[in-house]
Each structure stands twice: as C-alpha cells, then as structure tokens.
Amino acid sequence: MHLGLDEPVRECQYNQICTRNSSPMETLSHKKKRTPRRKWQIFPGRNRFYCNGRVMMARQTGVFYLTLVLIMVTSGLFFAFDCPFLASNLTPAIPVIGGVLFLFVLGMLLRASFSDPGVLPRATPDEAADLERQMDAANGSSGPGYRPPPRIREVVINGQTVKLKYCFTCKIFRPPRASHCSLCDNCVERFDHHCPWVGNCVGKRNYRFFYLFILSLSFLTIFIFAFVITHVILRSNRSGFLNALKDSPARYPLTGREVVVCFFSVWSIVGLSGFHTYLISSNQTTNEDIKGSWSTKRAKNNYNPYSYGNVLTNCCAALCGPLHPSLIDRRGFIQPDTPQPLSHSNGSGLYPSTQNHTHMCDQEHCIQSTKFVLQAAATPLLHSDPVMMGRAGPPPSGKTSLGGPCSSLAPSQPSLPSSMPGLGCAGDMLTLRDPDAHCHHHHFVSPEEMPSPLGPSSLVLPFAAHGGHLNPAQLYDPASQDSLHEDSVRGLVKLSSV
Amino acid sequence: TRHSASLATKVFIQRDYSEGTVCRFQTKFPSELDSRIERTLLEDTVKTLNTYYAEAEKMGGQSYMEGCLACATAYIIFLCMETHYEKVLKKISGYIQEQNEKIYAPRGLLLTDPIERGMRVMEVSVFEDRGSSGSSLSSSATSGGSAQR
C-alpha cells in the first residue's frame, strides 16, 4: 500500500523535526545553565526581531531602508544647501520648523515599522483541538435550511451580518476586521495592508503611527519643495534664472535632483494621505475598501457597521483611541509548562513544542494536516454539484488510517467553496475564496468545469483510501508531504488574505 | 490521604463579537461545566470581566486626552507612564486571581487570564481529583476528554 510504504518516510521526517527541536527543549530543561529564552525566539510568524525582541519587523526590510535613505538624504540636502540661504534671507524659523517636521516624520516611521501591528497569537493545541471538535460536530449534524459551513461563523454586528473565517495557519476564527498577512504569516487585527515602505504590516496598533507618518511626510515634502523653489526664485531674482541654476549645480550640486524627488513624492504621498484620511473618516480599512466589503454595490442595504456615524468620532477613534497592548508578549520568558501555539513554520527550523505536546510530531498531526488538505481539495466538487457527491462520495472501503478521517469528511458540508476549476488545473492545490466576493466566479466555473475535475478528483478520494494512482498534476509526493502541506496552507492563506 | 489533582479537560469560553471588535466574552454557560459550578457564579465573573474590558477600551474624554498627550510627546511619555489599558489589565488579572482563590479553586477549576491566550478565549481548566471516585466527574471528563491529547 502506498501509504504503508510512505509511513516510515513520513515518520522519519517528523522524527527529524522532533530531534532538531530537542535542543530548545534541552535548553528549557537546562535553564539554570543557560539564559532563559524569550518568546520572540520561537515566534511562529515570519517576522524579524531586533534588540532582544523590542523591535519587530517583517522579513523583507530592504524597501524600508530605501525609505529611510530617501527621507534622510532629501532632508539632509535641504538643510545643508537651502537652509543657510533661507535662514539668512527669510527667517530662521524655516530650518527650525523643517527640523521639527523631519524629526516627527522619522519618529512616526520608526514607530510604525518597529511596533507590533496587532498580531494575533496562534491558538494553543488545546484550543485548536476544541475548535476542530466543534467543527466536526457541526459537519456531522444536518440541519434544515441554510447554515453557514463550519469553517465560517456568522455574527450580526450592528445589524449587519459579518462572516468570520477560520484561519488554517493560526487555527482560530478570525475576529472581525482581522486578516491573515501572507507575507508575515500572521493574523493581524484590523488589518489594513502590508506596507513594504514601512517594512511591516499596518494594523490596529500601528495604524495611527502610519497615518501620522504619511501625513507629516506630506507636509515635509511640500515644505521642502516649496522652499527649494523659493530658494531658486530668490536667487534668480538677484542674478537671473539661468545663473541661478548654474550656480545651483556648481555650488549646490543636487538642488535639481532634490526638486525632482520631491515633486514625485509630493503627489504620491499627498494622494496616499488623502486616501487614508478618507478611510479614517469612514472607519474602513484598506483591505475592506479594496474588497468593497461595505459598498452599496454589493447589496443595497450594505453599510459599515463599525462606523460611528460622524466623521469627527471616526477620526478621534482611529487616532486618539486607546492604545491596545501587544498580545504576543515577545519579550516574555518561555515557561516550560505553558502550551506553545501550533506552528506551520515553513522550514525556518523551529517547530515549537514543549514536552507535553510532542504529539505534534505524531502521525496524528500529519493526518490532521492532510485531512484539511484533502477536505479542501475535495470540497469544490461537493459544493457545486450534489450529484457528484453521490458518485465521488465516500472513498471505497479500503480504509487506512489516512482514509479514516478523510472518509468522514469527504461527504461533509461544503465548507470551502472554491473557484478552482480542477484540482490539477491550478498551480496551487488549494484555493480558498471569500464566498461573497467570488461566488459568481465559482458558479460560472462549475457547470462547465464539473465533468473534468471529476476525473482527477475521483482519484483524490480513493487516493485517500488507497494512496493509489497519482494524478500527475496533484503534486502529491508523499516524501514531500510536509512541503506540500506548507505550500497548500500558504496558498490557502495567501488567497484568503486577499 | 491527599488527592492529587490532574487536568481532565479544558473548556473554552469564546469571544462575543456581536458588538463589534470590542473585547467581550460570551456569557453563555458551557454545558461541560454544569456539574462543576453554579451558572450564576461563572456568568457573574464573565460579566464583570466584560465591564472591565469595556472600561479599558472606552473612548471618552480621558482616552482622548491620553492619546493627544502621547502624540504631542511623540509617544515618549509611555516610557514612564502606563497606558490606561494596561492599568485596567492589571486590575483584571488581580480580579481573576481573587476569583480563582475564592470560587474556582475550591471547585477544582482554574480560570486563565485571557491576555495569556491572546484575548481569544477564556480558558477554564477542569481538574479531577485522582483517587476520587465521582462517577459524574469521570463521565464529564471523558466526554471532553477527546480534546485532551
């Protein structure tokens, strides 16, 4: 049996992971000899920590350094070359105001980049198991009428129905307005967007810093732009325009370049500030605005349930509201007896587990993961055509330990409506789409596409049972099941985060 | 003879999002705890915690003042001062500790401060006395036992 052959391979892989992590566990048990570890060192997301956990950024920080360099160079040139002239000929208040603005911009940028955007810590194994039990129970019972699939919970907020989605990576039902950032691999509360210029996600805790950063940067660029122009004009009044330009390159070699940078920055940054001012005044996030979650185009009586009704209250709430504490406690020390969150860390090497939870290295965890993978893969067929469900139905009788949980799930509720036309067609094995946004796409796809996926899909379910034929497009190489699971989960969350 | 308590199961009280993103926990009584504690006691605890959280997140004159002052000092002021939210969180953890000592520990339960679970859930750990032969206890433990690995 295919699976039987592969089980030792899989076990070897998990054993490897376990032994690799026995060193942090040894570290924990030998705490007296070594310094105790802090929680940021085993943080499961794709973040980078500096200064012993005080600073938290995304993995890709190159663009952030570019932002810093651009701001500092442009301001530096301004202070070095234009300010002496302006201070002596106009007023010394100019460099002072410029200096204050510059420091404020820098402060807000660093604050936005270095702070925790509002990351939701992942569920502990007990919580995840409890939720899974509840969802499996919901799967089994049949109810009359419309019920949302178990991976989605509905809440009525302020008269508006909001769907809370289950995050496969973090194993939680996301709070309203939270979203999973695929770049940082974290769920972030009140997720706005991931900003590469800032090198971090923008979420509940650092949105005001981000907004103040772009607002003050707009003022700074307009300020610099205006006074550089003033400088050139004043000079040209004295010695003629061409002479002024000639003098500038000669004595102030980069004035022209400064103007160009400022010009483009001004328009883009002022535009961005304007956009975010609009978002704040209507209490929306970039994410919601892009998806059109609250636009009346979606439904006639669609409105934003989080808005306070008037612009002033919305602005005050966003900018002067209470500052929530970080939930991830990154500088706390790891207690050996507390449960650590489950992680799908993609080969970063750390698979957090304590001695109490070595079951994660078990086959059981592998089964759980594969369960999700196959269930998600199987549901597009089951969702769109109930007749297919009968045919594709429960896998044939040859049940293995893998087929067991899968067979109970295969005819389950269509919990993951998918726009994927066929399992083999898309590059990703799984896609997860927001049913509201993409159900039209799904329905469009399903009638024509249904017959073809039955081919590869019918291979999936018996595969679950026998581990038999492999659809070449399936990419299911048992030896690399871990990486496949990582990929599929990542594909899943990437698309669900859109 | 002393009984040693072992962890039988954990019951999770989930967040209640019906009022938006503010921190609130469901006051619905979990059925697994029926035999362990009176409904009203747990509901009172949850309701009190909900009022604490509402106070922490309240947007009124005080929070605006704090926000504006912090912005004016470029947030440096938080190096020396605690935010209002953090103060309330300290009150909450004191309250939970007191509730545990007075009400929950005598019943073999333990409340975990939600902040330690990322404000996702309120975890109620159910302990079972080893060596005590309460059949109702063991049945409630096994029914939730699948959660325990």
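Owing to the predicted nature of the structure, the values given are computational and were not obtained by experimental measurement.

Tallying secondary structure elements over chain B gives four helices and three strands in all. Beginning at the N terminus, the succession of helices and strands in chain B can be written as β-α-α-α-β-β-α. Burial status across chain B gives 45% buried among its 149 residues. Surface accessibility of chain B: about 7,600 Å² in total, with carbon and sulfur atoms responsible for 54%.

Moving on, we come to the overall build of chain A. Regarding its fold elements, chain A presents 16 helices and ten strands. Per-residue burial for chain A yields a buried fraction of 54% across its 498 residues. Sequence separation of at least 24 residues holds for 69% of the intrachain contacts in chain A that already meet a minimum separation of 6. Accessible surface, chain A: about 21,600 Å² in total, of which carbon and sulfur atoms supply 63%.

Attention shifts here to the pairing of strand 3 (residues 121-129) of chain B. All names here are of chain B. Inspection of the sheet shows strand 1 (residues 5-14) paired to strand 3 by nine bridges, in the antiparallel sense. When the sheet's bridge partners are listed, S6 is paired in strand 3 with E128. Note: strand 2 (residues 109-112) against strand 3, four bridges, orientation antiparallel. Pairing of L110 across the sheet is with S125, part of strand 3.

Bringing the sheet that holds strand 2 of chain B into the picture now. Strands in a sheet are paired, the pairing made by backbone hydrogen bonds, and the direction either parallel or antiparallel. All names here are of chain B. Strand order in this open sheet of three strands is 1-3-2, and the pairing throughout is antiparallel. Lying at the two open borders of the sheet, with one neighbouring strand each, are strand 1 and strand 2. Along the sheet, successive strands turn relative to each other by an average axial angle of 25°, direction set aside.

Here the focus is the interface of chain A and chain B. Much of the literature gives interface size as the accessible area that the parts lose upon coming together. Listed as interface residues are 43 residues of chain A and, on the opposing side, 33 residues of chain B. Counting the surface lost from both chain A and chain B, the interface buries some 3,100 Å², and carbon and sulfur atoms represent 63% of this. Three residues, A:D126, A:E127 and A:P322, lead the burial of chain A against chain B; their summed loss comes to 17% of the area buried on that side. On the surface where chain A and chain B come into contact, there are two salt bridges. Our count for the contact surface shared by chain A and chain B stands at four residue pairs in polar contact (both at pLDDT 80 or more). For the side of chain A that touches chain B, the elements supplying multiple residues, two or more each, are helix 4 (93-114), helix 5 (125-140), strand 4 (152-157), helix 6 (207-239), helix 10 (311-320) and helix 11 (363-384) of chain A.

It is worth spelling out the environment of A:Y207 at this point. Residues and elements named next belong to chain A. With respect to the element layout, Y207 can be found in helix 6. Y207 sits 111 residues away from A318 along the chain, and the two C-alpha atoms are 7.9 Å apart. Excluding residues that lie within four positions of it along the chain, Y207 makes contacts with R190, D192, V202, H276, L279 and I280.

All names here are of chain A. Among the secondary structure elements, R190 is positioned in the loop between strand 8 (186-188) and strand 9 (193-195). Here R190 occupies a buried position and makes no salt bridge, while the nearest side chain of opposite charge, D192, is found at 4.6 Å. Here R190 is in contact with R177, A178, V202, G203, K204, Y207, N283, Q284 and T285, once residues within four sequence places are set aside.

Attention now moves to the UniProt feature "transmembrane region" (unreviewed entry) in chain A. Residues and elements named next belong to chain A. Those residues carrying the UniProt feature "transmembrane region" (unreviewed entry) are residues 63-81, 93-112, 209-234 and 254-275 in this numbering. Along residues 63-81, the helical share is 100% and the strand share 0%, with 27 Å between the first and last C-alpha atoms. Counting secondary structure, residues 93-112 comes out at 100% helix and 0% strand; the distance between its end C-alpha atoms is 28 Å.

Further remarks concern the nonpolar core. Residues A:F78, A:F210 and A:F213 are the most contacted members of the largest nonpolar core, which totals 42 residues. Secondary structure elements with two or more residues in this core: strand 2 (55-58), helix 3 (62-89), helix 4, helix 6 and helix 8 (255-281) of chain A. For A:F210, the residues in contact, after removing those within four places along its chain, are A:A112, A:H193, A:C195, A:V198, A:V202, A:L272 and A:H276. Within the second largest apolar cluster, 36 residues are counted, among which are A:A123, B:F25, B:L33 and B:A56.

As a further point, take helix 4 of chain A. Residue and element names in this part refer to chain A. For helix 4, which comprises 22 residues, the first-to-last C-alpha distance of 31 Å matches the rise-based estimate of 32 Å (1.5 Å per residue) to within 8%. All of the buried residues in helix 4 are I94, G98, G99, L101, F102, V105, L106, M108, L109, A112 and S113. Each element contacted by the buried residues of helix 4 is listed here: strand 2, helix 3, strand 10 (200-202) and helix 6.

Our focus in this paragraph is the pattern of salt bridges. Tallied over the full model, the rule gives 18 salt bridges over all chains. Taking the shortest distance from any N to any O, the salt bridge between A:D126 and B:K10 comes out at 2.9 Å. With A:D126 in helix 5 and B:K10 in strand 1, this pair bridges two chains. Looking at A:D126, the relative accessible area reads 9%, which means it is buried. Look at B:K10 and you get buried, because its relative accessible area is 11%. When the shortest N-O distance is used, the salt bridge between B:E38 and B:R107 registers 3.2 Å. Here the residue B:E38 occupies a position in the loop between strand 1 and helix 1 (39-56), and B:R107 occupies one in the loop between helix 3 (84-104) and strand 2, the gap between them amounting to 69 residues. Overall, the relative accessible area of 27% leaves B:R107 in the partly exposed class. Several salt bridges share partner residues, and in doing so they unite A:D126, B:K10, B:R117 and B:E123 into one network.

With that settled, the discussion passes to the sheet that holds strand 4 of chain A. Taken together, three strands build an open sheet; the order of strands is 4-5-6 (chain A) and the sheet is antiparallel. Only two strands of the sheet have a single neighbouring strand rather than two, namely strand 4 and strand 6 (172-173) of chain A.

Residue and element names in this part refer to chain A. Scanning the model with the defined rule gives 15 aromatic pairs over all chains in all. Residues Y166 and F168 carry aromatic rings whose centres are separated by 5.6 Å and whose planes lie at 85° to one another, so their mutual orientation is edge-to-face. Relative accessible area serves as the criterion here: at 2%, Y166 is assigned to the buried category. An aromatic cluster is built from F78, F79, F102, F223 and F227, whose rings are joined through pairwise contacts. A cation sits over an aromatic face here: R153 above F173, 4.1 Å from the ring centre. Over the face of the ring belonging to Y207 we find R190, whose NZ or CZ atom lies 5.2 Å from the ring centre.

What follows concerns the pairing of strand 1 (residues 47-50) of chain A. Residues and elements named next belong to chain A. Only one face of strand 1 is covered, namely the face carrying N47 and F49; the face carrying R48 and Y50 is uncovered. Relative to strand 2, strand 1 runs antiparallel, the two being bridged by four bridges. Looking at the pairing, F49 lines up with M56 of strand 2.

Turning our attention to the confidence of the model for chain A. Residues at a pLDDT of 70 or more form 54% of chain A, whose mean pLDDT is 69. Within the model, the stretch residues 381-481 of chain A combines pLDDT values under 50 with 165 contacts to residues more than four positions away or in other chains.

Cut-offs and rules
Residues numbered from 1 in each chain as written. Chains lettered and ligands numbered in written order. Predicted model: local features only at pLDDT ≥ 70, side-chain atom pairs only at ≥ 80, totals over all residues. Heavy atoms only, no water. Helix = DSSP H or I, 4+ residues; strand = E, 2+ residues; numbered from the N terminus. Buried < 20%, exposed > 50% of the residue type's maximum accessible area, 1.4 Å probe, protein only. Areas by Shrake-Rupley, 256 points an atom, 1.4 Å probe, with all protein chains shown as cover. Contact = heavy atoms within 4.5 Å. Pairing = 2+ DSSP bridges. Axes fitted to C-alpha atoms, helices over the stretch in contact; angles between N-to-C directions. Buried area = accessible area lost by both parts, 1.4 Å probe. Salt bridge = Lys/Arg side-chain N within 4 Å of Asp/Glu carboxyl O. Polar contact = N/O pair within 3.5 Å; in protein donor to acceptor, adjacent residues only side chain to side chain. Lys, Arg positive; Asp, Glu negative; His and termini not counted. UniProt positions renumbered as here; feature names shortened; annotations may be inferred. Core = buried A, V, L, I, M, F, W, Y, C linked by side-chain atoms within 4.5 Å. Expected span 1.5 Å × (residues − 1). Phe/Tyr/Trp six-rings, centres within 6.5 Å; stacked < 30°, edge-to-face > 60°. Lys NZ or Arg CZ within 6 Å of the ring centre and 35° of its normal. pLDDT = per-residue confidence, 0-100.

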